[in-house]
Amino acid sequence: MPEYAAWPRKVFNAANYTLLIVLAVMCILPLIQLLAMSLSSNAAVSAGNVTLWPVGFNWESYHFILSKPEFLRSFGVSVKRMVLGVVVNMAITILVAYPLSKEASAFKGRAVYVWIFVFTMLFGGGIIPLYMTVRSLGLIDSIWALVLVPAVNVFNIVILLNFFRGLPKELEEAAVVDGAGQWLILWRIYVPLSTPSLATLTLFCLVNHWNSWFDGILFMNSPMHYPLQSYLYTIIVGLDTLVKSNTDVETLKLISDRTARAAQIFLGALPILCVYPFLQRYFTKGIVLGSVKE
């Protein structure tokens, strides 16, 4: 490349990296401040002296939160929901995306099914019909209301079917010649070759199930069945729900409502922060390869 044509590219790269670094810092600074507040003393937080480093370092907020049975119970509900939800989500996504990835000559009516799924992305019945449907199925106050309602994610299906369509057709033809059926072709050829896309979609499902809070409020009548994010919502709205005894009142003298909330929010985000680095290397490849075709 001529030198006169190289400098605009260098300027673009410099501006691009600078912008990305600024955006990354803007995203991570609030999380760092949240952690610093959760590890700071009541007086320091109340005085507004905490920025990005703990002042009056202590673990009282985390000790207080982790000693609450409500927090541990809701954490367990979220873990159960996440495990069941990801398994159901990915199974449905794979089983729907595979036939829809076939050519119209191999799967007659493919276009009709694709448009039915796309239609659900654009139009929905609303909250009231959804609630009435869940109630009529007897799923209110059940973990399955949190698992089955978001079980079919059309966006994930579109990503995966496009990834399947990008795989060489010769692989399937060779398997058919060797006597393999569609079920064997799916699980022995397509799924192993789709690791980047499947890892990316698994991350999407993990984050979606872990961060969802409104469906817990909507479908759970008893706070005992709240997932973690729904429980955190009730805490952020009012810390008084944490105060159950005189011991709690004495503990709250040592910590602040802001430090307690910061500790709970950080604990709620921690599992995803631990999982994301292991799946991040698949993220870009899975999205790009699953988005280049229809």
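So, how was this worked out
Residues numbered from 1 in each chain as written. Predicted model: local features only at pLDDT ≥ 70, side-chain atom pairs only at ≥ 80, totals over all residues. Heavy atoms only, no water. Helix = DSSP H or I, 4+ residues; strand = E, 2+ residues; numbered from the N terminus. Buried < 20%, exposed > 50% of the residue type's maximum accessible area, 1.4 Å probe, protein only. Contact = heavy atoms within 4.5 Å. Areas by Shrake-Rupley, 256 points an atom, 1.4 Å probe, with all protein chains shown as cover. Phe/Tyr/Trp six-rings, centres within 6.5 Å; stacked < 30°, edge-to-face > 60°. Expected span 1.5 Å × (residues − 1).

**Observations regarding the overall build of the chain**
Turning to step 1, where the next piece is worked out: When you go through the chain residue by residue, the secondary structure sums to 15 helices and 0 strands.
Turning to step 2, where the next piece is worked out: The proportion of buried residues among the 294 residues of the chain is 39%.
Turning to step 3, where the next piece is worked out: Once local pairs closer than 6 in sequence are excluded, the contacts in the chain between residues at least 24 apart make up 72%.
Turning to step 4, where the next piece is worked out: For the chain, the accessible surface area stands at approximately 16,900 Å², while carbon and sulfur atoms represent 70% of it.

**Considerations on the environment of F164**
Turning to step 1, where the next piece is worked out: Relative to the elements of secondary structure, F164 occurs in helix α8 (residues 154–165).
Turning to step 2, where the next piece is worked out: Overall, the relative accessible area of 1% leaves F164 in the buried class.
Turning to step 3, where the next piece is worked out: Sequence-wise, F164 and P99 are 65 residues apart; in three dimensions their C-alpha atoms are separated by 9.7 Å.
Turning to step 4, where the next piece is worked out: In contact with F164, other than residues within four places in its own chain, are I94, A97, Y98, S101, K169, L186, Y190 and S194.

**Considering the packing of aromatic side chains**
Turning to step 1, where the next piece is worked out: Summed over the entire model, instances satisfying the criterion amount to 14 aromatic pairs.
Turning to step 2, where the next piece is worked out: With a centroid separation of 5.4 Å and an interplanar angle of 90°, the aromatic rings of F57 and W59 are classed as edge-to-face.
Turning to step 3, where the next piece is worked out: Given the relative accessible area of 56%, W59 is considered exposed.
Turning to step 4, where the next piece is worked out: With a centroid separation of 5.7 Å and 85° between ring planes, the pair formed by W213 and F214 is classed as edge-to-face.
Turning to step 5, where the next piece is worked out: An aromatic cluster is defined as three or more aromatic residues linked by ring pairs; in this entry it consists of F71, F75, W210 and Y231.

**Considerations on helix α10 (residues 182–193)**
Turning to step 1, where the next piece is worked out: Helix length check: α10, at 12 residues, gives a terminal C-alpha distance of 15 Å against a target of 16 Å (1.5 Å per residue), a fit within 8%.
Turning to step 2, where the next piece is worked out: Of all the positions in α10, only I185, L186, I189, Y190 and V191 are classed as buried.
Turning to step 3, where the next piece is worked out: The elements touched by buried residues of α10 are α4 (69–100), α8, α9 (169–177) and α11 (195–211).

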